[in-house]
Amino acid sequence: MSTKLIYALTFTIFLVTIPIIGVGILKLEFLFSIVVPYLALAIFFLGSIHRVVLWSTSPQPFNITLSAGQNKSFRWIRTSYVESPHSKFGVILRMITEVLLFRSLLRNEMVKTHESRWLVFTPKKGLWFLAMIFHYSLLVIVLKHLRFFFEPTPFFLDLILRIDKFFELSLPSLSLTEVLVLVGTVGLLLRRILSKEIKYISLFGDYFILLLILTLVLTGILLKHSFRVDLLDVKRFCIGLFTFNPHVPSKVGLTFYVHLFFVSVLLVYFPYSKLVHAKGVFFSPTRNLPNNSRQKRYINPWNYPVKVKSYEEWEEEYRDMLKEANIPLDKEEKGP
């Protein structure tokens, strides 16, 4: 087992013990239900704004033409309008396919040697599939949780709940999103554990974020099926947080506090981890700029004025040295 995985697993277990000791033994319900969530939200919003300001003010003097597609050129050369767009409409299409369909994960990044010794590039469909079910399941779960913050519940949240319940599996009921998010999280974690190449480049943060989300999912499933809580009390608690009228829930168990604490950890960790790619993709110059460097000349706006010396001036300055070296001069020296 990788040392970094052991560190991440140990740290995750350590995080689990914090609310257990804090609430179960020290009875610090107010700290873990009010103070910690508000602090996490403040760090999340301030950290996110800080990252966005940094990205939006970073120098971007040139058009970065990092692309896997053919740029617009002669008419008889086929252009890749989405992979290498030269217009704003093409950029919008590229961003939509990137954000909604994770298009870059379907590129030919897996290299194998064919029997005829040719290199064959194939897309990583397994990674793309795991990423799709992981992200979309998380999105549905987050939307489902929004019902705790509104009274009455908006119609579109009711619609999402009905659709998810329609796919409920097994007895006791297990919704499709719960199954898919487990498959996606465990699959991405096993990919880092079992693949030698991925394991070699994996860092502590790569394992920790998956273990963090896995713990969140598992505690959420436990709250739904094993350690049930009073949903009205939870809703009152969430609305109290949202309206700055805090209410300490009394009809919830220790599992709820573990779940809530990991939500807070996720909010704190989000702006300073790889999770921030959810916002960073919109600021990536390799995604949001058209590849039109053959149509439009880009000039660095930060170029400072440079004093230019003409050849005549240079020849006049070094005339004696050029004559001594027998180098022909363009302009002969005028006689007396």
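Engineer: Can you walk me through the overall build of the protein chain in this structure?
Structural biologist: A count of helices and strands for the protein chain gives 14 helices and 2 strands. On the principal axes, the C-alpha backbone points of the protein chain span a range of 105 × 55 × 45 Å. Residue burial in the protein chain is summarised as follows: out of 336 residues, 34% are buried. Sequence separation of at least 24 residues holds for 64% of the intrachain contacts in the protein chain that already meet a minimum separation of 6. Accessible surface, the protein chain: about 22300 Å² in total, of which carbon and sulfur atoms supply 68%. Taking the 39 positively charged and 24 negatively charged side chains of the protein chain as two groups, their mean positions are separated by 11 Å.

Engineer: Looking at this model, I keep getting lost on the pattern of salt bridges. Mind explaining?
Structural biologist: Working definition: two side chains of opposite charge can pair if their charged atoms are close together. Tallied over the full model, the rule gives 10 salt bridges. Put simply, Lys309 and Glu317 hold a salt bridge, and the shortest N to O gap is 2.6 Å. Of the residues examined, Lys309 reaches a relative accessible area of 46% and is grouped as partly exposed. The salt bridge partner of Arg319 is Glu315, with a shortest N-O separation of 3.8 Å. For the pair shown, Arg319 and Glu315 are each scored as buried. Among the charged side chains, a salt-bridge network with shared partners connects Glu83, Glu98, Arg103 and Arg287.

Engineer: What exactly am I supposed to notice about the packing of aromatic side chains here?
Structural biologist: Applying the stated rule across the entire model yields 20 aromatic pairs. Between Phe155 and Phe156, the ring centres sit 6.0 Å apart and the planes meet at 85 degrees, which makes this aromatic pair edge-to-face. Geometrically, the ring pair formed by Phe204 and Phe208 is stacked, given 5.7 Å between the ring centres and 10 degrees between the ring planes. Taken together, the residues span about one helical turn, with Phe204 and Phe208 both in helix α8 (residues 204–225) at a distance of 4 residues.

Engineer: How should a nonpolar patch on the surface be read in this particular structure?
Structural biologist: On the surface, a cluster of nonpolar side chains totalling about 680 Å² of accessible area is made up of Ile21, Ile25, Leu26, Leu28, Phe30, Leu31, Val35 and Val248. Mapped by element, the contributors of at least two residues to the nonpolar patch are α1 (3–25) and α2 (29–56). The greatest single-element share of the nonpolar patch, amounting to 3 residues, is contributed by α2. Within the secondary structure, Phe30 sits in helix α2.

Engineer: I would appreciate a short explanation of the layout of surface pockets in the present structure.
Structural biologist: A water-sized probe, rolled over the atoms, reveals where empty space remains. Volume-wise, the second largest pocket comes out at about 160 Å³. Looking at the lining of the second largest pocket, its residues break down into 7 nonpolar, 3 polar and no charged.

Engineer: Would you explain the nonpolar core in this entry?
Structural biologist: Looking at soluble globular proteins, one finds that nonpolar side chains tend to be buried together. Grouped together as the largest cluster of nonpolar side chains are 44 residues, with contacts concentrated most on Val234, Phe237, Phe256, Phe261 and Phe262. Those elements that place two or more of their residues in this core are α1, α2, α4 (125–145), α6 (176–194), α8, α9 (231–242) and α10 (254–269). No other element matches the 12 residues that α8 contributes to this core. Residues within four places of Phe262 in sequence aside, it is in contact with Thr12, Leu15, Val16, Leu212, Thr215 and Leu216.

Engineer: Just to check I follow, could you spell out the confidence of the model for the protein chain for this structure?
Structural biologist: Detailed conclusions should not be drawn from predicted coordinates in areas where pLDDT is low. Averaged over all residues, the pLDDT of the protein chain is 86; the fraction at 70 or higher stands at 93%. Here strand β1 (residues 108–113) is the element of the protein chain with the lowest mean pLDDT, 68, and α10 is the one with the highest, 95.

Engineer: Just checking my understanding: could you explain the packing of α2 against α10 for this structure?
Structural biologist: When two helices pack together, their arrangement is given by the angle between the helix axes and by the axis-to-axis distance. The N-to-C vectors of α2 and α10 enclose an angle of 20 degrees; their axes lie 8 Å apart at closest approach. As far as their axial angle goes, α10 and α2 are roughly parallel. For the crossing formed where α2 meets α10, the hand is left-handed. In contact with Glu29, Phe32, Ser33, Val36, Pro37, Ala40, Leu41, Ile43 and Phe44 of α2, α10 contributes Tyr257, Leu260, Phe261, Ser264, Leu267 and Val268. Tallied by class, residues from the contact of α2 with α10 come to 12 nonpolar, 2 polar and 1 charged.

Engineer: Just checking my understanding: could you explain the environment of Lys224 for this structure?
Structural biologist: Along the polypeptide, Lys224 turns up in helix α8. On the basis of relative accessibility, which here comes to 27%, the residue Lys224 falls in the partly exposed class. Put simply, Lys224 and Leu174 are 50 residues apart on the chain and 9.3 Å apart in space, counted from C-alpha to C-alpha. A distance of 3.0 Å separates polar atoms of two side chains, one belonging to Lys224 and the other to Glu178.

About the criteria used
- Residues numbered from 1 in each chain as written.
- Predicted model: local features only at pLDDT ≥ 70, side-chain atom pairs only at ≥ 80, totals over all residues.
- Heavy atoms only, no water.
- Helix = DSSP H or I, 4+ residues; strand = E, 2+ residues; numbered from the N terminus.
- Buried < 20%, exposed > 50% of the residue type's maximum accessible area, 1.4 Å probe, protein only.
- Contact = heavy atoms within 4.5 Å.
- Areas by Shrake-Rupley, 256 points an atom, 1.4 Å probe, with all protein chains shown as cover.
- Lys, Arg positive; Asp, Glu negative; His and termini not counted.
- Charge placed at Lys NZ, Arg CZ, Asp CG, Glu CD.
- Salt bridge = Lys/Arg side-chain N within 4 Å of Asp/Glu carboxyl O.
- Phe/Tyr/Trp six-rings, centres within 6.5 Å; stacked < 30°, edge-to-face > 60°.
- Patch = residues over 30% accessible without salt bridge, like charges linked within 9 Å, V, L, I, M, F, W, Y side chains within 5 Å.
- 1 Å grid on protein atoms, 1.4 Å probe; cavity = no way out; pocket = protein on both sides within 12 Å on 5 of 7 lines; lining within 4 Å.
- Points joined across faces, edges and corners; volume = space filled by probe spheres on them.
- Nonpolar A, V, L, I, M, F, W, Y, C, P; charged D, E, K, R; others polar.
- Core = buried A, V, L, I, M, F, W, Y, C linked by side-chain atoms within 4.5 Å.
- pLDDT = per-residue confidence, 0-100.
- Axes fitted to C-alpha atoms, helices over the stretch in contact; angles between N-to-C directions.
- Parallel < 35°, antiparallel > 145°, perpendicular 65-115°, else oblique.
- Left-handed = near helix turned anticlockwise from the far one by under 90°.
- Polar contact = N/O pair within 3.5 Å; in protein donor to acceptor, adjacent residues only side chain to side chain.

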